[in-house]
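# Structural characterization, general
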Amino acid sequence: MITGIHHVTAIAGDPQTNVNFYAGTLGLRLVKQTINYDDPGTYHLYYGDGLGRPGTILTFFPWKNARRGRAGTGQVVATALSIPVGAADFWRERLTTKGVAFDDHGTTLSFTDGDGLPLLLTEVAGDTRPGDNGAADVPGQYAIRGVDSVTLQVGTASPTLELLTGQMGFDISTDGDGRFTVGADTSGNAVYLHEAEEGDAPGLSGAGTVHHVAFRVPDDAAQATWQAELTTAGYHVSPVMDRQYFHSIYYREPGGVLFEIATDPPGFVADGETPETLGKRLQLPDWLEGKRDAIEAHLPKLTLP
Ligand code: ZN
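Residues numbered from 1 in each chain as written. Predicted model: local features only at pLDDT ≥ 70, side-chain atom pairs only at ≥ 80, totals over all residues. Heavy atoms only, no water.

## Focus on the overall build of the chain
Short version of the rule: Elements are defined by DSSP. Helices are runs of H or I of four residues or more, strands are runs of E of two residues or more, and each kind is numbered from the N terminus. In what follows, a contact means two residues having at least one pair of non-hydrogen atoms within 4.5 Å. Residue burial considers only the protein chains on display, and all accessible areas are found by Shrake-Rupley using a 1.4 Å probe. Just so you know, the count uses Lys and Arg for positive and Asp and Glu for negative, and it drops His and the chain ends. Just so you know, the charge point we use is NZ for Lys, CZ for Arg, CG for Asp and CD for Glu.
In terms of regular secondary structure, the chain is built from 6 helices and 16 strands. Once the C-alpha set of the chain is aligned to its principal axes, its extents read approximately 50 × 45 × 35 Å. Across the chain, contacts joining residues at least 24 apart in sequence account for 67% of those joining residues at least 6 apart. Of the roughly 12900 Å² that the chain leaves accessible, carbon and sulfur atoms contribute 53%. Charge separation in the chain, taken as the distance between the mean sites of 21 positive and 38 negative side-chain charges, equals 8 Å.

In structure tokens, the structure reads:
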């Protein structure tokens, strides 16, 4: 059973700009500083709530000189973050103070991060996630609760629709708003599907675009079942990858968006960090710990807000 969204991973430019925006402006907690396991000279930064609970996580591969991408067909074109009902006023003021231009849709504010990544803050009723992100200047009653939804833009909706509502178990909401949800939770579990229209350009990977969206499963056994079922259904599914904080498989949905299925355990304390120290120090996998000095010397120093 897929129980919701696990995380969204995007490409970014300058890592300090990324920290300033997500840990500063948006008041998320930087729960993990590590490196891109496939490119150890660069960071992989994870943000979320106080513990980086599944469903609250945004992760970034920041490359200082990354070429700017363009959100478009074959990608996640919007990521919505949930805020409590009544919190839009606080965020309206905060984004203004921080110099972030936004479009005001009442209970939803849309804007981009410094690299152009499309984001929304949207008031969601009944989102009971704690929002214990801990930013000193974002009072808990206004804090971001986690990911609410992602919007997929695809050339032809029907094959993606079939995957979502067939194999993956999503239900379409009866409101006619095009919202698909999965799992028993009432939040952090929604997908919107947008069929490209005349004038919608194909996505171009680069800074300011989503790399993939990950969905949650409770454990390795559930993941193995998905791996087998999706393979049987004709998808090219990756082997299980140990991402240290969760285990992952990847496959491309028919519209071209990269999907991941990630396990809830072991979580961000798996490397020995504690809930108090999460994100404060660069964490390396065991196989790179011996190269810590060289890696640290190569990475730009980050200042946390
Ligand atoms: Zn991922």
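From this point on, the discussion continues.
## Considerations on the nonpolar core
Within soluble globular proteins, side chains that are nonpolar generally end up buried alongside one another. Defined as follows: Side-chain atoms within 4.5 Å are what join buried Ala, Val, Leu, Ile, Met, Phe, Trp, Tyr and Cys residues into a set we call a nonpolar core. Classification of residues uses two cut-offs on accessible area relative to the type maximum, computed with a 1.4 Å probe and protein chains only: under 20% is buried, over 50% is exposed, and between them is partly exposed.
Formed by 79 residues in total, the largest nonpolar core has its most connected members in Tyr-22, Leu-26, Trp-91, Met-168 and Phe-259. With 5 residues, strand E13 (residues 210–217) is the single largest residue contributor to this core. Every residue in contact with Tyr-22, bar those within four places of it in the chain, is listed here: Gly-27, Leu-28, Tyr-47, Leu-58, Phe-60, Asp-113, Leu-117 and Leu-119.

## Considerations on the pairing of strand E7 (residues 108–112)
Test applied: Two strands qualify as a pair provided DSSP detects at least 2 bridges between them.
Among the 5 residues of E7, 4 are classified as buried, and the element is accordingly described as predominantly covered. A loop of 3 residues connects strand E6 (residues 103–104) with E7, the two strands running antiparallel in sequence, and Gly-106 in this loop sits at a positive phi of about 80 degrees. Where E7 folds back onto strand E8 (residues 118–123) in an antiparallel hairpin, the turn is made up of 5 residues, including Gly-116, whose phi is positive at roughly 95 degrees.

## What to know about the pattern of salt bridges
Rules: When a carboxyl oxygen of Asp or Glu is within 4 Å of a side-chain nitrogen of Lys or Arg, the pair counts as a salt bridge.
Here the structure, examined in full by the defined rule, presents 13 salt bridges. One salt bridge in this structure joins Arg-53 and Asp-132, with 3.0 Å as the shortest N-O distance. With Arg-53 in the loop between strand E3 (39–48) and strand E4 (57–62) and Asp-132 in the loop between E8 and strand E9 (146–154), the pair connects residues that are 79 residues apart, well separated along the chain. Arg-53 sits in the partly exposed class, given a relative accessible area of 28%. Taking the relative accessible area as the measure of exposure, Asp-132 reaches 34% and is therefore partly exposed.

## Examining the coordination of the zinc ion
Counted only if it meets this: Note that water is not among the atoms considered, so a metal site may appear incomplete; the donors listed are N, O and S atoms within 2.8 Å of the metal, with 3.2 Å applied to Na, K and Ca.
The zinc ion binds to the protein through His-7 (NE2), His-212 (NE2) and Glu-260 (OE), with metal-donor distances spanning 1.9 to 2.0 Å. Take His-7: its relative accessible area is 1%, and that puts it in the buried class. Take Glu-260: its relative accessible area is 1%, and that puts it in the buried class.

## Let's talk about helix H3 (residues 157–165)
The periodicity of an α-helix, 3.6 residues per turn, causes residues three or four positions apart to be oriented the same way. Where we set the bar: Directions from the helix axis toward the C-beta atoms define the arc.
Those residues of H3 that fall on the buried side of the exposure criterion are Ala-157, Thr-160, Leu-163 and Leu-164. End-on, the buried residues of H3 take up no more than an arc of 135 degrees, which puts them together on one face.

## Re the environment of Pro-300
Mapped onto the elements, Pro-300 comes out in the segment after helix H6 (292–298). Residue classification places Pro-300 among the partly exposed residues on the basis of a relative accessible area of 36%. Separated by 257 residues in the primary sequence, Pro-300 and Tyr-43 place their C-alpha atoms 9.0 Å from one another. Contact partners of Pro-300, with chain neighbours within four places excluded, come to Pro-15 and Tyr-43.

## Thoughts on the sheet that holds strand E15 (residues 246–252)
Sheet strands pair by backbone hydrogen bonding; their relative direction is either parallel or antiparallel. Definition in use: The axes used here are C-alpha line fits, helices contributing only the stretch in contact, and every angle between their N-to-C directions lies in the interval 0 to 180 degrees.
Within the open sheet, the 8 strands sit side by side as E2-E3-E4-E1-E13-E16-E15-E14. Their pairing is mixed. Sheet topology places strand E2 (29–36) and strand E14 (241–242) at the edges, where each strand pairs with a single neighbour. Inspection of the sheet shows E14 paired to E15 by 2 bridges, in the antiparallel sense. Considered in E15, the bridge of Met-241 is made with Ser-248. The sheet strands contacting helix H4 (residues 220–232) are E13, E15 and strand E16 (258–266), and the helix crosses E15 at an angle near 15 degrees.

## Notes on the sheet that holds strand E11 (residues 179–181)
Pairing is mixed across the open sheet formed by 8 strands, whose spatial order is E6-E7-E8-E5-E9-E12-E11-E10. The strands lining the two open edges of the sheet, one partner per strand, are E6 and strand E10 (171–172). Looking at chain direction, E10 and E11 are connected through 2 bridges and run antiparallel. From the neighbouring strand, Ile-172 faces E11, where its bridge partner is Phe-180. Helix H2 (residues 88–97) rests against strand E5 (75–83), E6, E7 and E8 of the sheet, and its axis sits at about 30 degrees to E7.

## What to know about the packing of aromatic side chains
The geometry of an aromatic ring pair is captured by the separation of the ring centres together with the interplanar angle, meaning the angle of the planes. Heads up, the condition is: Under the pairing criterion, centres of Phe, Tyr and Trp rings, with the six-membered ring standing for Trp, must be within 6.5 Å; the plane angle then separates stacked pairs below 30 degrees from edge-to-face pairs above 60, leaving the rest tilted.
Scanning all chains against the criterion turns up 17 aromatic pairs. Where Phe-21 meets Tyr-22, the ring centres are 5.0 Å apart and the plane angle is 75 degrees; that geometry is what we call edge-to-face. On the basis of an interplanar angle of 80 degrees and a centroid distance of 5.8 Å, the ring pair of Phe-170 and Phe-215 is categorised as edge-to-face. In this pair, Phe-170 sits in the loop between H3 and E10 while Phe-215 sits in strand E13, placing the two residues 45 residues apart along the sequence. Taking the relative accessible area as the measure of exposure, Phe-215 reaches 0% and is therefore buried.

## Observations regarding empty space enclosed by the protein
In plain terms, the rule: Buried and open spaces are told apart on a 1 Å grid over the protein atoms alone, a cavity being a set of points where a 1.4 Å probe fits but cannot get out and a pocket being an open set with protein on both sides within 12 Å along at least five of seven lines. Residues with an atom within 4 Å of a point are the lining residues. Grid points are joined across faces, edges and corners, and a volume is the space filled by probe spheres set on the points. Residues are grouped as follows: nonpolar covers Ala, Val, Leu, Ile, Met, Phe, Trp, Tyr, Cys and Pro; charged covers Asp, Glu, Lys and Arg; every other residue, Gly included, is treated as polar.
This model, assessed by the stated rule, comprises 1 cavity of 30 Å³ or more. Estimates place the volume of the largest cavity at around 30 Å³. When its residues are assigned to classes, the lining of the largest cavity shows 6 nonpolar, 3 polar and no charged.

Taken by themselves, the reported measurements are silent on function.
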